[in-house]
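# Structural overview
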Amino acid sequence: MQSFLLILPLFLYLAGAISSLWFSARPSKSVRWAFGCALGASFLSFLTSLSLLISGTSLRVSFPGFLPYTRFEILADGLSNYFIGIISLLACATTLFSFAYVREYFGRKSVGFLGFSYNIFLLSMILVTLANNALMFIIFWELMTVISYFLVIFEDTQEEARRAGFIYLVMTHVGSALILVTFFIFFQFTNSFDFDDFRQTGPTLSVILRSLLFLLTFIGFGTKAGIIPLHVWLPHAHPSAPSNISALMSGVMIKTAIYAFIRVVYSFLGADQLWWGLVVLMIGALSALLGVMYALMEHDLKRLLAYHSIENIGIISMGIGMALIFLSLKHYPLAALATIAGLYHVMNHAMFKGLLFLCSGSILQATHTRNIEDLGGLIKKMPWTAFYFLIGSVSISALPPFNGFVSEWLTYQSLLSGGMLSSVPIKVIAPLVGAILALTGALAATCFVKAFGITFLALPRSEHARKAQEAPPAMKMGMGLLALMCGVSGVLPTFFISLLDHVTVSLLNTSVSEKMIYPAGLALIPVESRFSSLSTTTLALLLLAFLPVPWILIRLFRPFRQRIHETWNCGIKLNPRMEYTATAFSNPIQMVFKKLYQPREEVRISYLKKPYFLKSLVYQSHITSIFEERLYRPIQQAILRLSHRVRTMQTGSIHTYLAYIFMTLILLLIFAR
Amino acid sequence: MILTKILLGLLQIVFLMALAPLVQGIIKKIKALFQSRRGPSIFQSYFDLIKFLKKDQVVSEQASWIFHITPYICMISVLTVGALVPVIGVSVPLGFAGDALVVVYLFAVMRFFMALAGLDTGSAFGGMASSREMMVASLAEPALLLSLFTLALTAGSLNLSGMVQKLADLKIAVISPSYLLVFVAFVMVVLAETGRIPVDNPTTHLELTMIHEGMILEYSGRYLALMEWSAWIKQLILFTLLANLFAPWEIHLLWYPPKILVLAILVACIESSVAKLRLFRIPDLLAVSTALSILALITLVLKGL
Amino acid sequence: MIAETAEQILNLLTTPLLILSLMIVGQSRIGASIRLYTFQSANLALLCFAVGYFEQEFSLYWVGLLTLVIKVVLIPTVLLYIVNKIKVAREVEQLIGAPSSLIISAALIGLSYYTTRPILEDLYVVTKDCLPVSIALVLIGLFIMIGRKKAVMQIVGLLIMENGIFLAALATTLGMPLAVELGIFFDLLVGALIMGILVYHINQTFETIDVDKLTRLKG
């Protein structure tokens, strides 16, 4: 029965995909079918995975093979169920949102194709987390990549989208190649592509080989996850896709890489090397910090969010890195704590980043611009979107009692638990990474003050923003669901931690929920020690309980009265051009971190009468993206140079090609003898 | 039993609320004395508050609901912090609800909404102040947390009451190089967090250099009362933290006022003897603070206590 | 006694295959090359009949017959027709001169004997001596494709390669199942036809079938 419920959504997705194409001549019918099926399927698979997770069972379903070496087997264990739960939950919200959002494309683009890709995209993500065979995994992994490529270039009339798609395809395929190599190396030793065999044989391999496999896995999956310096595709690709797809890509697609990384490193490689954890931790810290730094300088709303995905992947990696460190030192409960920190952030990021992308979609639909410098004052036109965006901003800035805070708190706890180990380097590094996390959190808050403030507050800065309209109900429902989740997973973390406990049991054979949830399910503590505690439930109650205090204070002496008047502006009537811009807002940070950003500024002033009366002033500032210019540009140039050399091989003459084949054949004959 | 505990907790909050304006008044008075002025009475802040609470308020026509909820949020978050911090006793009844991180992040909630409110009315002053506040806070945060981490690793607890208890148990042994380094770092951060010279000038009301005042420029009347009051409570809480973490002896009602008084004098001295830094020199100050915390951490790890 | 005789006869029959392919390498006229290919195919058919006779495999008679029909009659006719139709210079136009081509081909034959020796030691079929010859045919066919400019000669090279592969199948497993054989023949026929048409169209478009001139097409 349960396995039927596990499989049924997969077929529903297929049905949605096919019916969407079938009705593509009639967009609104196609939308109903595509997203209706997707909604049903994701709701169903959410329920199934939740019930599996609560009961702590794992399911195994085998199908007869149709390819050599491929036993088509799916395994829904704790980790898979957890990820499926997140994917499905986010999918529910984005699907609700999509019903109304895709109307944007009616008559412009093939909505049938969008519905098709949407369903297949969800299907492939779920199958990636279910696959219990390396070949199957690779097939669905590639399907996911390719279908998301088509979604990135969905608005292919824009040059930007095509370029983004290209970068995306190249980068992710480099990653896929490394993953493939990893699996083939496993195959060499196991003679099978079954994950079960990998699990058995993997930990027995030599340390050097396993370290090599670890690096391959880290780089391979890291490319998809968007860790720095492999992130370059992400800020291009995520914003180009339609917003509902961006939400899925940022919210869950990059997380499938985290899933796979955990699976390979924890289960197949038997994490027992200290430096693996250190590498993941350091790269995580770097990604978190630089991700948010670049986000701060970004004024394209969706690109800003995309950079924040890099940041959050960094935070997740911090948790996973600490877990690997603890694993190598055989501190299993602490490893479970750190794993839970990382995995909880996976879910929380999916919720608030999904929410923020959906909100940006709503803004995009209302104003047709992603540049926040052209927005402003939307809070009056789109109060609901503003409210949801605020919830998302508060969550992503890790402000209590919302969910971002809880998982960052857990991450801090695992870092500080590292600070109490006996190993001296870890003792210094872990708290320092904690400081980086603090800086990241504060900068994220700054960034979202900017994003929210410039987009929604003050006066509209353009005609588009003036004419904005609130999103239709379906979109509000999608956003509302995620906003609710942000609150619930923030205020009631103990429920989710006990769910995550099943994951750590299946992953590490360590149950920590009893050690973490104390007393009586009210507060969280970092495993054994009474090192610290957190109860967001109590915090939320306290915050609410204090609400009457200011309310009474305001009415203490006289009834509440207020007058509405214009903003004080040195006696001049306020107009949008006087408002602080996003560029100005983030300029102090740019000045402080000049070394990193290497800004190129240009000021052009023309005077009516020097030096007091300006006719016009143009200020332009560009930051240097060091990774693109210092790392990828040289690589790109080297490849181009090499290609020019190789081009001499590529003569276009059939004879030369035949000669290559000939030479290969002869060499093979000689060597194979 | 639980009820008395909760009542005690509430009492502590009322105590903080009541004392906060006084501390502000004392600092002002001492600063006035430094400047050879008589200065206002130390109770002037109470009179100001009552005055503000009686006044009608003027709200900008551009203001949205963000502007209206911000005073509430500032107040409730600072009161919640008040419930978590050990003030006149080591144990805090509601201390299990959050540790030092929660304190820092609840202050971040305050700041987040204040910065939004600064942007809300569309005036350039508000935007400028918000931007600067967020910059200063972003740089102060790692220094603050790192010094708290160092203390937490010294004490083996991140919960404030646990931390204070352990530090008190160490008696005189607590005074170590790392502890002193943390103290200096912490003071610097507190100056930044409370908007004091050399970071921000609390007495300015219409200058291009104002940070905290700029953000609340559009507030008047009762909202202003709430904003000012919560800022003062925040200041008192930070002083309390300083007092209880760096003088963890004799934590009870009798010794609390002298400790806070010493801190108030210290802050007033610093404010009177140092010039305000240029905006882009502030990061240097905070970098020094961060560097001191890192040094403290390293000495802690290498040398132990 | 009979087995030895059979082996001897088969050996005798395979040698002309090599000689004929060497002659094609040395040949400078397209038409003559195609005719030499015809002889080679006929030789192959004969070999087929012989193996079929010695091994009592009746299906091989069918295969031989098909070889005769397709490789000896149909394909050469098509190719000759195209060559006549195109009416370009009948010279082969070699990239590598005839003498060095012959030396290289000889080296290739040596190589194929060298590489197949370890396999031959474990092979116990009457036709085992055909294996090196077949590899040599494949290599020479490929070499012809490389060394000749005219597109028609590429087809001839491919056909010789196919003869080699056919012989390899015959040598190792006494021919593939008839159904497979049928498929291959059909494939070959259609392939030759299509290539012929292609060559014709290349000529129409570029007024040459010199594949060297096609380098313009590269990006």
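Everything below is about the structure shown above.
Scope of this entry: the structure provided in the associated data block. (Residues numbered from 1 in each chain as written. Chains lettered and ligands numbered in written order. Predicted model: local features only at pLDDT ≥ 70, side-chain atom pairs only at ≥ 80, totals over all residues. Heavy atoms only, no water.)

## Observations regarding the overall build of chain A
Quick note on the threshold: Strands here are runs of E lasting at least two residues and helices are runs of H or I lasting at least four, both read from the DSSP assignment and numbered beginning at the N terminus. For the radius of gyration, the atom set is restricted to C-alpha positions; the globular benchmark scales as 2.2 Å times the number of residues to the power 0.38. For the exposure calls, accessible area comes from a 1.4 Å probe over protein chains only, and a residue counts as buried if that area is under 20% of its type's maximum, exposed if over 50%, partly exposed in between. Note on areas: Shrake-Rupley with a 1.4 Å probe; residue coverage comes only from the protein chains shown. Here Asp and Glu are counted as negative and Lys and Arg as positive; His is not counted, and neither are the chain ends. Here the site of a charge means NZ on Lys, CZ on Arg, CG on Asp, or CD on Glu.
Tallying secondary structure elements over chain A gives 27 helices and seven strands in all. Over its C-alpha atoms chain A spans a radius of gyration of 26 Å, differing by no more than 12% from the 26 Å that the globule rule assigns to 673 residues. With the principal axes as the frame, chain A shows a C-alpha extent of 95 × 70 × 60 Å. The buried share of chain A, taken over its 673 residues, is 62%. Accessible area of chain A: about 24900 Å², with a carbon and sulfur share of 66%. If the 49 positive side-chain charges of chain A are averaged to one point and the 29 negative ones to another, these points end up 7 Å apart.

## Observations regarding the overall build of chain C
Selection rule: Contacts are assigned to residue pairs that have any heavy atoms within 4.5 Å of one another.
A count of helical and extended segments in chain C gives seven helices and zero strands. Along the chain direction, N to C, the helices and strands of chain C fall in the order α-α-α-α-α-α-α. Going through the 219 residues of chain C one by one, you find that 49% of them count as buried. Sequence-distant contacts, at least 24 apart, represent 75% of the contacts inside chain C between residues at least 6 apart. Carbon and sulfur atoms provide 69% of the accessible area of chain C, an area that totals close to 10100 Å².

## Points about the packing of aromatic side chains
Heads up, the condition is: The rule is short: rings of Phe, Tyr and Trp, with Trp giving its six-membered ring, pair when the centres are within 6.5 Å, and they are stacked under 30 degrees, edge-to-face over 60, tilted in between. A positively charged side chain is recorded as over a ring if its NZ (Lys) or CZ (Arg) lies within 6 Å of the ring centre. The angle to the ring normal must also be within 35 degrees.
Across all of its chains, the model carries 64 aromatic pairs over all chains by this definition. Residues Phe187(A) and Phe193(A) carry aromatic rings whose centres are separated by 4.3 Å and whose planes lie at 10 degrees to one another, so their mutual orientation is stacked. For Phe187(A), a relative accessible area of 15% translates into the label buried. Its relative accessible area of 4% is what places Phe193(A) among the buried residues. Through pairs of rings, three or more aromatic residues link up here, namely Phe137(A), Trp141(A), Phe183(A), Phe186(A), Phe195(A), Phe198(A), Phe221(A) and Phe268(A). Over the face of the ring belonging to Phe107(B) we find Lys234(B), whose NZ or CZ atom lies 5.3 Å from the ring centre.

## Some words on unusual backbone geometry
Residue Pro401(A) is reached from Pro400(A) by a cis peptide bond, and omega for that bond is 0 degrees. Tracing the sequence through the fold places Pro401(A) in the loop between helix H15 (383-396) and helix H16 (403-419). With an omega dihedral of 10 degrees, the bond running from Ile197(B) to Pro198(B) counts as a cis peptide bond. The backbone of Ala398(A) shows a phi angle near 60 degrees, a positive value even though the residue is not glycine. Along the chain, the position of Ala398(A) falls in the loop between H15 and H16. Residue Ala458(A) is not a glycine yet carries a positive backbone phi of 60 degrees.

## Observations concerning helix H6 (residues 159-190) of chain A
Spelled out, the test is: Here the expected length of a helix is defined as 1.5 Å per residue gap, with one fewer gap than residues.
Helix length check: H6(A), at 32 residues, gives a terminal C-alpha distance of 46 Å against a target of 46 Å (1.5 Å per residue), a fit within 8%. Just past H6(A), the residue Asn191(A) takes up positive phi, approximately 60 degrees.

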